[in-house]
Amino acid sequence: MPLVLRCVCEEVLSNSPGLIDMTDTVENKSAPETISRVVVRFAGDSGDGMQLTGDRFTSASAMFGNDLSTFPDFPAEIRAPAGTVNGVSSFQVQISEHDITTPGDNSNVLVVMNPAALMADIDRLEQGGLLIVNRDNFVERDLLKVGYETNPLEDGSLANYRVVEVPMTTLTIQATASLGVKPRMAERSKNFFALGMISWLYSRPRESTLDWIKSRFKDEDVRNVNTAAFNAGFHFGETTELFDHPFQVLPAHMPAGEYTNITGNMALAWGLVAAGQLAKLPVFLGSYPITPASDILHELSKNKNFAVRTVQAEDEIAAAGMALGAAFAGHLGVTATSGPGLALKSETLSLAVSLELPMLLIDIQRGGPSTGLPTKTEAADLNIAMFGRHAEAPLPIVAAYSPHHCFDAIIEAARIALKYRTPVIFLSDGYIANGSEPWKLPDVASLPDISVDFQTEFNHVAKDGSNVYWPYLRDPKTLARPWAIPGTPGLMHRVGGLEKQDGTGDIDYTPINHEKMVRLRAAKIAGIASDIPLAEIVGDADADVCILGWGSTWAAIDAAVQRTRRRGHKVAWIHLMHLSPLPPNLGELLRGFKKVIVPELNLGQLCRIVRAEYLVDAQVVSKVQGLPFTSTELENAIGSALGVFNTNQNGVDQ
Amino acid sequence: MTDAAVSLTTKKDWTSDQEVRWCPGCGDYGILLAVQTLMPELGVKPENTVFISGIGCSSRFPYYMNTYGMHGIHGRAPALATGVAVARPDLDVWVVTGDGDALSIGGNHLIHALRRNVNLTILLFNNRIYGLTKGQYSPTSELGKVTKSTPMGSVDHPFNPLALALGAEASFVARTHDLDRKHMMDTFRAAHAHRGSSFIEILQNCNVFNDGAFDEVTSRQKREEMMIDLHHGEPIRFGKDGHAGVIMGDDGQLRIVEVAEVGADAILKHDAHRNDPSLAFALARLSNGDSATSQSTWLPTPFGVFRDVVRADYSSMVSAQFTEAVSKKGPGDLKKLLKSAGTWQVN
Ligand code: SF4
């Protein structure tokens, strides 16, 4: 990367015509240097449009064919006080010409719109990284607001970075002056100036963003101002000497096919639509707004033409109740929430366990307890998912490991729910939900058939010789009960939370019957183990150390395992999608390793389960900061388990 | 609505094989009998009928109906039933609940089902006590009520179920009682014919924990002078030969008067179809409406249909959006959906 130091660019304030003369340098500059990957982080005030900027840069890169992974990181407040550290909203994206799974540990480039963003995110920039600063906001008032006593742009504290100061606000106002809009409006487009600049720096084709601006903004003034700001930023990169040449990240060598860039929540919503189609059932979503799950409600509400019904319920409890009512009526009943909502839905899950009806509960985990860190990620709801119901109420748990995986994983969750007539908890987290990555579209025809047969006929002959319907007469293999839905003549029956007799379903409080039913319900769930894939070892099966992961730690583990192996060390990795029941061979596999380490975004919930289940001396590697693991953290954890220490501080592939 | 084949059901077709387990003498028996007797008249089929309940004595009701049924979670019946009704607008969905179930633990679900106007017929058995848990005061128990949990008398101001339902702008609101099968059947019939949420308070005697709670009004001896039978379009008169009536005073308050003193023309005409619920609200508060008073101070109490107005029902509106989405976008095409955020080709 070029070394550009403290270029204070007064000359560009006179705008581009004067700079055209510099064609000799421009030509020189225009040949982009090819790099294999870059991590860019945009950071600004909540009102600065950083999420939009990051999103657009991501989309343009996706369209260009890079592999990528994103990490939006934003505050819980819609608009925290402007210019404060609490109000900083960031978006990190790694784009690459090879296969990547994480948004990168530290960024190579950090764009900061104000002193608060600098203070909040400077530690996320690699030493020697490129720091692009909106100089207009580094005035005394803004500096004092976050407690900078001296201007970091002037006091030498940023000497370890390559700092480029750009008066983005001023340049944006100038570039849009001829449009006759209010300066306030023009000023708001400065994020498009930044986007233009970075788009030039990384040779992103401009067309897709310009097209997007056209379709996204209905107001003509807004459209024009954003277009002008974006173009000005792009030209600014081209015509100034701040950056001596652009870079390019060539398209990644990904398997042939058609790709889209997908967030976890989008993949999840589409997966639910697909599950309905594959099950040949209408989908019913009962949901109450909660971060970070609300996008599932939004997305499904857009797709009513797929036989999808959505109800924004009065509360979390009602949302679950409606989903269960819809399941009783023959729909694929779904409710989506986050931790606090899962707690409220617990009694409904217990009823669903007792009724033995299919239902999906989606939990997009976030930092807790209580309201905790609503916009930050954590994966600490495994305990409540596994144990958070009164009495013996086991149910299956399926966890997605990355944004695109939500699509397949929710179809798998639906398959289990429908086949075994049981509620299933699906775990995702804020990092998966909001993060995005390219996804090779599946061949729709090859998706699994998960259709179910409703009971339509009597299934038993009573003592008096008459034909009757027994709602709890189980399939001997799956132990699932028949599902007869209202509207089916002759099969009228009552279900309820009171203990019922196996077979007839009549209320039965007798001691032996209760024990039989408790054990039958548990056996039904345990039996699913024979109907899920075996756990598989990735990496070296003969290694001493095995990493056991679940959920979103997948990306960081993947990168850490690859690096460790490239360094010549052996390590094995098992990543779980089914957390209840666990794959039947898991205990045997884990017992084959000297050390098992379990990275978790909690204090060791899976770790405790595998210790209890298999008597293996698994050790947890915890992180509970509202942030995903970096691959370096896990590389170091693996290193210490192996007894080899490394000094990889920057998270750079080696 | 009635077709010949359907109307052939008999009371027996609506009666399940389950042994009824309420206490002997409980008012619930009369209500069950009224519903089972009415169903064949309604021209609906047992297989298209669903009874959903919460928890409590009344909530055992679905077990005794030979229909589809669910005995749910305490307070949650309206939520469960909303799921059924929205998923399947073709079904006839009834909710059976009690004063504790609907007004205490499930208050939120009840008011939201009513405001949405989900197509449900809601039967609230009001016995002003918790029966199943053996006699604690309920959200409709009168002030000063002495129970196991209120040995010094209740200090909780009670809910007036009808006023609450009207406050939530329920489109059908009625009151009946467990001793008059014909009145119950007439009221349930009107409720069933109403599209949207129908809310019926049924004064029900719990002879074990709150015996005689409504005797001051509904006992044979008191009925004539204490029950005001509401009929749409007719002057609100009651008592022997209709000697008493209801007027609206200059201050806007409803008052009970002797017809002879004010003249028959001054008596208020009942209008159940008025869109504005304020008159229905005033009627709801006329006596039992002021349930803060103790039992000994009962005043004449209105029964029948307080409000019956046309308002689009929720299930139909959800279905209409569904149909509209299909007609605008065509039936869902998964392949198209997966490409809808923009795609690129890798060769
Ligand atoms: S406790 Fe009261 S309400 Fe319950 S069944 Fe007995 S009499 Fe009826």
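Here, residues in each chain are numbered from 1, in the same order as that chain's written sequence. Chains carry letters and ligands carry numbers; both start at the beginning, A for chains and 1 for ligands, and go up in the order they are written. Only residues with pLDDT of 70 or above have their local features reported here, since the model is predicted, and side-chain atom pairs are shown and tallied only from 80 upward, although totals for entire chains, interfaces and linings are computed over all residues. For side-chain calculations, the full set of non-hydrogen atoms in the structure is used, while hydrogens and water are omitted.

S.K.: Would you take a moment to explain the pattern of salt bridges for this structure?
M.R.: Oppositely charged side chains are able to pair whenever their charged atoms sit close together. Salt-bridge detection follows one rule: a side-chain nitrogen of Lys or Arg within 4 Å of a carboxyl oxygen of Asp or Glu. By the definition in use, this model includes 40 salt bridges over all chains. Glu258(A) is the partner of Lys339(B) in a salt bridge, and the nearest nitrogen-oxygen pair spans 3.1 Å. Here Lys339(B) is found in the loop between helix H12 (334–338) and strand S12 (344–346), whereas its partner Glu258(A) is found in strand S10 (residues 257–263) on a different chain. We call a residue buried when its accessible area falls under 20% of the maximum for its residue type, exposed when it is over 50%, and partly exposed in between, using a 1.4 Å probe and counting protein chains only. Since its relative accessible area comes to 40%, Lys339(B) is described here as partly exposed. In this structure, Arg567(A) and Glu635(A) form a salt bridge, with 2.8 Å as the shortest nitrogen-oxygen distance. Of this pair, Arg567(A) sits in the loop between helix H19 (553–566) and strand S23 (572–576) while Glu635(A) sits in helix H22 (residues 631–642), and the two are 68 residues apart along the sequence. Arg567(A) sits in the partly exposed class, given a relative accessible area of 35%. Each helix is a run of H or I in the DSSP string that is no shorter than four residues. Each strand is a run of E no shorter than two, and both are numbered from the N terminus.

S.K.: In this structure, what is going on with the interface of chain A and chain B? I would like to understand it.
M.R.: When the parts of a complex come together, some accessible area is lost, and that lost area is often used as the size of the interface. Taken together, the contact pairs 67 residues of chain A with 58 residues of chain B. Buried area is calculated as the accessible area (1.4 Å probe) missing from two parts once they are joined, with the contributions of both summed. For the pair chain A and chain B, the summed buried area comes to about 5400 Å², and 63% of that belongs to carbon and sulfur atoms. The tally of links between chain A and chain B comes to three salt bridges. Whenever a nitrogen or oxygen atom comes within 3.5 Å of another N or O atom, the pair is scored as a polar contact, on the condition that within protein one atom can donate a hydrogen and the other can accept it, and that pairs from neighbouring residues in sequence are kept only if both atoms are in side chains. The interface formed by chain A and chain B includes 32 residue pairs in polar contact (both at pLDDT 80 or more). Breaking the side of chain A that touches chain B down by element, the ones donating at least two residues are helix H2 (50–64), S10, helix H10 (264–279), strand S12 (308–312), helix H12 (316–328), helix H14 (346–355), strand S17 (436–440) and strand S20 (494–496) of chain A. At eight residues, the largest contribution of residues to the side of chain A that touches chain B is made by H12(A). Residues are sorted three ways: Asp, Glu, Lys and Arg are charged, Ala, Val, Leu, Ile, Met, Phe, Trp, Tyr, Cys and Pro are nonpolar, and all the rest, Gly among them, are polar. Residue composition of the side of chain A that touches chain B, grouped by class: 41 nonpolar, 17 polar and nine charged. Looking at chain direction, S10(A) and S12(B) are connected through three bridges and run antiparallel. When the bridges of S12(B) are listed, Tyr259(A) appears paired with Trp344(B). What makes two residues a contact is simply this: any of their non-hydrogen atoms within 4.5 Å. Strands are treated as partners if at least two bridges between them are detected by DSSP.

S.K.: I would appreciate a short explanation of the site of the ligand in the present structure.
M.R.: Residues in contact with the ligand, as listed here, are Trp22(B), Cys23(B), Cys26(B), Cys57(B), Asn127(B), Gly131(B), Gln204(B), Cys206(B), Asn207(B), Val208(B) and Phe209(B). Considered class by class, the residues forming the shell around the ligand number seven nonpolar, four polar and no charged. We call a residue near a molecule or strand whenever a single non-hydrogen atom of that residue lies within 4 Å of it.

S.K.: Quick question: what am I supposed to make of the nonpolar core here?
M.R.: Across soluble globular proteins, nonpolar side chains show a tendency to be buried alongside one another. Residue and element names in this part refer to chain A. Leu360 and Ile362 are the most contacted members of the largest nonpolar core, which has 131 residues in total. For this core, the element with the most residues is helix H16 (residues 405–420), which contributes eleven residues. For Ile362, the contacting residues outside a window of four places in its chain are Leu268, Leu272, Ile296, Val334, Thr335, Ala336, Thr337, Ile410 and Phe426. Definition used in this section: a nonpolar core is a set of buried Ala, Val, Leu, Ile, Met, Phe, Trp, Tyr and Cys residues joined via side-chain atoms within 4.5 Å. Ala385, Leu427, Trp550 and Leu634 belong to the second-largest nonpolar core, a separate cluster that totals 54 residues.

S.K.: How should unusual backbone geometry be read in this particular structure?
M.R.: Note: most peptide bonds trans; most residues except glycine with negative phi. Residues and elements named next belong to chain A. For the bond from Thr291 to Pro292, the omega torsion is 0°, close enough to zero to count as cis. Looking at the element boundaries, Pro292 is found in the loop between strand S11 (283–287) and helix H11 (294–301). Along the chain, Gly368 connects to Pro369 via a cis peptide bond; the corresponding omega equals 10°. Within the secondary structure, Pro369 is located in the loop between strand S14 (359–365) and helix H15 (382–387).

S.K.: In this structure, what is going on with a negative patch on the surface? I would like to understand it.
M.R.: Residues qualify for a patch when their relative accessible area is over 30% and they have no salt bridge, like charges being joined within 9 Å and the nonpolar side chains of Val, Leu, Ile, Met, Phe, Trp and Tyr within 5 Å. Per-residue and other accessible areas were derived by the Shrake-Rupley procedure at a 1.4 Å probe size, with only the shown protein chains allowed to occlude residues. Charge assignment: positive for Lys and Arg, negative for Asp and Glu; neither His nor the chain ends contribute. We put the charge of a Lys on NZ, of an Arg on CZ, of an Asp on CG and of a Glu on CD. Taken together, Glu224(B), Glu225(B), Asp241(B), Glu258(B) and Glu261(B) make up a surface patch of like negative charges. As for its position among the elements, Glu261(B) is in helix H9 (residues 259–262).

S.K.: I keep staring at the packing of aromatic side chains and nothing clicks. Help me out?
M.R.: Given two aromatic rings, their pairing is described by the distance between the two centres and the angle made by the two planes. The aromatic pairing rule takes the rings of Phe, Tyr and Trp, using the six-membered ring of Trp, and pairs them if the centres are within 6.5 Å, calling planes under 30 degrees apart stacked, those over 60 edge-to-face and the rest tilted. The full count for this structure, using the stated rule, is 19 aromatic pairs over all chains. Seen in terms of ring centroids, Phe71(A) and Tyr431(A) are 5.5 Å apart; in terms of plane orientation they differ by 80°. Their pairing is edge-to-face. Of this pair, Phe71(A) sits in strand S4 (residues 67–73) while Tyr431(A) sits in helix H17 (residues 430–434), placing them 360 residues apart in sequence. Classification of Tyr431(A) by relative accessible area gives buried; the value is 10%. For the ring pair Phe61(B) and Phe125(B), a centre distance of 5.8 Å and an interplane angle of 90° mean the geometry is edge-to-face. Of the two residues, Phe61(B) is situated in the loop between strand S1 (49–53) and strand S2 (68–71) and Phe125(B) in strand S4 (residues 120–126); the sequence distance between them amounts to 64 residues. Of the residues examined, Phe61(B) reaches a relative accessible area of 0% and is grouped as buried. An aromatic cluster is defined as three or more aromatic residues linked by ring pairs; in this entry it consists of Trp22(B), Tyr29(B), Phe51(B), Phe61(B), Tyr64(B), Trp94(B) and Phe125(B). By the criterion adopted, a ring carries a charge over it if an Arg CZ or a Lys NZ lies within 6 Å of its centre and within 35 degrees of its normal. A cation over an aromatic ring shows up here: Arg206(A) above the ring of Phe234(A), its NZ or CZ 4.5 Å from the ring centre. Over the face of the ring belonging to Phe303(B) we find Arg175(B), whose NZ or CZ atom lies 5.9 Å from the ring centre.

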